Structure formats: C-alpha cells, structure tokens
Amino acid sequence: MDYQNLANLLYKNTHTTPEYYYEKFPARKLAPGAEVTRTAPSPTGFYHTGSLFGAMIDKFLADKSNGVFYLRIEDTDQKRQVAGAADIAYNALCKFNTKPDEGFMGEGKPQVGDYGSYTQSERLEIYNAFAKRLVELGRAFPCFCKQGITLTYNGVKLTEGKEDVKERRAQQLQELGEIVDHDPCRGLDIADIDLNLKLGKPWALKLLSKGDPDKTFEFVDLIKGKRELHENCKDVVLMKSNGIPPYALAHVVDDTLMHTTIVVRGEEWWPSTNAHLEIFNALGIKPPKYAHTPVVCKLDEETGNKRKLSKRLDPEADARYFVEKGFPTVVINEYL
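So, here is what we can say about the structure in this document.

Rules of the game
Residues numbered from 1 in each chain as written. Predicted model: local features only at pLDDT ≥ 70, side-chain atom pairs only at ≥ 80, totals over all residues. Heavy atoms only, no water. Helix = DSSP H or I, 4+ residues; strand = E, 2+ residues; numbered from the N terminus. Buried < 20%, exposed > 50% of the residue type's maximum accessible area, 1.4 Å probe, protein only. Areas by Shrake-Rupley, 256 points an atom, 1.4 Å probe, with all protein chains shown as cover. Pairing = 2+ DSSP bridges. Contact = heavy atoms within 4.5 Å. Axes fitted to C-alpha atoms, helices over the stretch in contact; angles between N-to-C directions. Expected span 1.5 Å × (residues − 1). 1 Å grid on protein atoms, 1.4 Å probe; cavity = no way out; pocket = protein on both sides within 12 Å on 5 of 7 lines; lining within 4 Å. Points joined across faces, edges and corners; volume = space filled by probe spheres on them. Nonpolar A, V, L, I, M, F, W, Y, C, P; charged D, E, K, R; others polar. Polar contact = N/O pair within 3.5 Å; in protein donor to acceptor, adjacent residues only side chain to side chain. Parallel < 35°, antiparallel > 145°, perpendicular 65-115°, else oblique. Left-handed = near helix turned anticlockwise from the far one by under 90°. Salt bridge = Lys/Arg side-chain N within 4 Å of Asp/Glu carboxyl O. Patch = residues over 30% accessible without salt bridge, like charges linked within 9 Å, V, L, I, M, F, W, Y side chains within 5 Å.

**What to know about the overall build of the chain**
Each helix and strand in the chain was counted, giving 11 helices and 14 strands. By the burial criterion, 49% of the 336 residues in the chain qualify as buried. For the chain, the exposed area adds up to about 17,400 Å²; of that, 51% sits on carbon and sulfur atoms.

**A few points about the sheet that holds strand E1 (residues 36-39)**
Taking strand neighbours across the sheet as the criterion, the 3 strands line up as E1-E2-E3 in an open arrangement whose pairing is parallel. One side of each edge strand has no neighbouring strand; the edge strands of this open sheet are E1 and strand E3 (102-103). The sheet strands contacting helix H3 (residues 49-64) are E1 and strand E2 (68-71), and the helix crosses E1 at an angle near 160°.

**Topic: the sheet that holds strand E4 (residues 140-143)**
If you trace the 3 strands from one edge of the open sheet to the other, you get E4-E7-E10, paired in antiparallel fashion. Of all strands in the sheet, those bounded by a partner on one side alone are E4 and strand E10 (237-239). Averaged over all pairs of adjacent strands, the angle between strand axes in this sheet comes to 45°, irrespective of strand direction. In terms of strand pairing, E4 meets strand E7 (residues 204-207) through 4 bridges, oriented antiparallel. The residue bridging Ala140 from the neighbouring strand is Leu207, located in E7.

**Concerning helix H5 (residues 124-136)**
Look at H5: 18 Å from first C-alpha to last across 13 residues, which is about the 18 Å you get at 1.5 Å a residue. Two residues or fewer past H5, Gly138 is found with a positive phi of approximately 75°.

**Description of the layout of surface pockets**
Within this model, the largest pocket holds a volume of roughly 1,000 Å³. Every residue lining the largest pocket is counted, 41 residues in all, and those nearest its centre are Ala40, Pro41, Ser51, Glu268 and Trp269. Elements with a minimum of two residues in the lining of the largest pocket: E1, H3, helix H4 (85-95), helix H8 (247-257) and strand E11 (262-266). A per-element tally of the lining of the largest pocket places H3 first, with 6 residues. Classifying every residue of the lining of the largest pocket gives 18 nonpolar, 14 polar and 9 charged.

**Some words on the side chain of Glu278**
Counting through the fold element by element, Glu278 comes out in helix H9 (residues 273-282). Overall, Glu278 belongs to the buried group, its relative accessible area being 11%. Reaching out from Glu278, the side chain makes a polar contact with the side chain of Asn232 at a distance of 2.7 Å. What Glu278 contacts, discounting residues up to four positions off in sequence, is Arg139, Leu207, Leu208, Ser209, Lys210, Gly211 and Asn232.

**Considering the packing of H5 against H8**
One can describe the packing of H5 onto H8 by two numbers: an axis separation of 10 Å at closest approach and a directional angle of 110°. Comparing the axis directions of H5 and H8 gives the class roughly perpendicular. Considering how the two elements wind past one another, H5 and H8 form a crossing that is right-handed. Listed contacts from H8 to Ile126, Tyr127, Phe130, Ala131 and Leu134 of H5 are Leu249, Ala250, Val253, Asp254 and Leu257. By residue class, the composition of the contact of H5 with H8 is 9 nonpolar, no polar and 1 charged.

**Considerations on the environment of Arg139**
By the element assignment, Arg139 lies in the loop between H5 and E4. Between the C-alpha atom of Arg139 and that of Ile279, which follows or precedes it by 140 residues, the distance is 8.8 Å. Leave out the neighbours within four places in its chain, and Arg139 touches Leu134, Lys206, Leu207, Leu208, Ser209, Lys210, Glu278 and Ala282.

**A short note on the packing of helix H1 (residues 3-10) against H5**
At a minimum axis separation of 8 Å, H1 and H5 run at an interaxial angle of 150°. Relative to H5, H1 is oriented roughly antiparallel. The chirality of how H1 crosses H5 is right-handed. Residues Tyr3, Gln4, Leu6, Ala7, Asn8 and Leu10 of H1 touch H5, and the partners they reach there are Lys132, Val135 and Glu136. Split by residue class, the contact of H1 with H5 holds 5 nonpolar, 2 polar and 2 charged.

**Overview of the pattern of salt bridges**
Pairing between side chains becomes possible if they bear opposite charge and their charged atoms approach one another. One pass over the full model with this rule turns up 23 salt bridges. The partner of Asp254 in a salt bridge is Arg72, with the nearest N and O atoms 3.7 Å apart. Residue Asp254 is found in helix H8, and its partner Arg72 is found in the loop between E2 and H4; the two are separated by 182 residues along the sequence. For the pair formed by Asp254 and Arg72, the shared burial category is buried. The closest approach of N and O atoms between Arg307 and Asp300, which form a salt bridge, is 2.6 Å. Classification of Arg307 by relative accessible area gives partly exposed; the value is 22%. Through salt bridges with shared partners, one network takes in Arg38, Arg72, Glu74, Arg123, Asp254 and Asp255.

**Re a nonpolar patch on the surface**
Taken together, the side chains of Phe327, Val330 and Val331 define a hydrophobic patch exposed on the protein surface, amounting to about 260 Å² of accessible area. Here Val330 shows up in helix H11 (residues 329-335).

So yeah, pure geometry; function would need other evidence.
What follows is the structure, encoded as structure tokens:
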C-alpha cells in the first residue's frame, strides 16, 4: 500500500502538518514541576457534579505547583449539543471557586491563552493534519461499513454491518474474553478505496491497531498505581464520517498541543486507556500522566445500594442543584 498516496487521496485539502502545529504551540514557559491541567466538558446540558469533582482536583494540582488550569469545550457531539451549555459549565466553575486560568471564558467573550482555540469545533483543521499523518504512517484506514458494505479481504468477499459487528464482538468476548475489533475495511486496497470515494460512500477513519490480545504492558496511574493493561486490539474510530473526531483522537491532539501534563478523568475512561496510548505511540508522542478518579456516587433510595450519580435520574447530578437548595458553595467544595 502506498500510504502517502492514500493520505493525499483522503485528505487532499489538508496541507498543514503536525510539525507546523508543534511550532505554533511551543512548550509552555513554566517553572520545573508546574502542572498543566484541564477540565473539558461536553456542552450537552448542565455541568455534572462529577465533572466539578474532577475540576477541583485539576485546580488544586495547578495551583499547588504554580501551573495552569484551563477550560476546554469538547463540542464534537453536535447531535447532543445544548445551546448555552458551555456558559453553564464556565459559570459553575466560577461559582464553586474553581475558575480556570486559561481557555474558554464564556460565549462571545475572548478566550484567554496562547494555545486555542479552546473549543474543539474550531480545531478541525488541526485534527485533519494529525489524521492525515496517521494514514501516512500506515496506522489509519478509511472504513465504509456504517450501513454494511461488501469488500474484499484476503481474497474473500465480506459484508459487515452494525449487527454483524455486535455478533462478532459477543462471540469474541465469550470465546477469548477479549474483543479483537479489527474492521474488515483494513483489508481494502487503494483501488477499492478510490472507487468507494468516487461513489460518494461515507467513511470514517479508524486506527489500524497493532495490539496483541495476549500481551500486556505496565502502566502507572497516579491514583490506581502500577497496573497491567492488555494491548489495545480495537480499530477505534479516529474521525467520524462527518469529519469530526471523537474523544480518542481529539484528546491526543489537544492535550499534546496544549501541553497538558496530567489528565484527570473518571474511571469510566480506564478501559479505553490502552487505545489512547496506542494513538500517542503511533504518532510518536509522549502521553501525559493520567489520574483516573472514582466516580461520584449516591445511595439509591429504592435499593439502598451505592450507585453512580445519574445525569438522567438524579437532580443533584446538576452542580447548580446545591446552590438552588441553599447550600453554601464552600460546603460543597469541602464535601467533594
């Protein structure tokens, strides 16, 4: 496969490179040991109490080390976006004494800092440059399987749609205890890809995983400590068919260019850490440190059991709930 030709075919209008952005966003001039942290909510509604919990840790780490705490708006999920939700997040941070030093400062107001835009929907050109580089390196490929597609893989005609994927994953999990999620489109040659593009078929860009399900590696999380992780075996989506990246690629690109030193996030992200690390490694980028926090829980009134605070079920999942009920914000900060 001529990967350079493939990259030019897929991203013919992308002329910038990762090196251009490395130069544009150089290392921060901070004292040794200064931490750069961020909170990065999606503007899909209210600001979650669990997000406030993580942001407080971010703020503490940055302040204690004379570093920087910034707010980034991850608005790549256009379907779920709610008007005004980014302002809600910013105002909640300020209300709970967790005001960011840098980044998004409210709709219609200038962003603060030299590493923006801090709104992901305004960074698509940057993501395209890194996506193109992954194709050039032979680490990403276009997938046309959204609605099911017939293709040739190792000389065999295959068709795989959403239900086929679900069935295959369930079988792998039962037989191997692990999902080896290799998309059949990784076997398309450049002529097939060119034909599909000319036919106007929508495509997503996926990581060509090189993970071995039988191999593990050591990883140190700042909260969990030293753990053993299985190598990633999933061809995760890097760019959706609408040209917008999901969290996996956007996180790698943004936290690299904004020079985040510690990513504080809920432990629900723990299972995908190996995939994110593979993307960092594929691009030759040193990943930040990670701190996976426990999720904020409550006692279920019906069962009496502890469960995760639900955005759908629990009014106290909205950080504003406590203010509206008359709790002093300092009390909530202390509790969290």
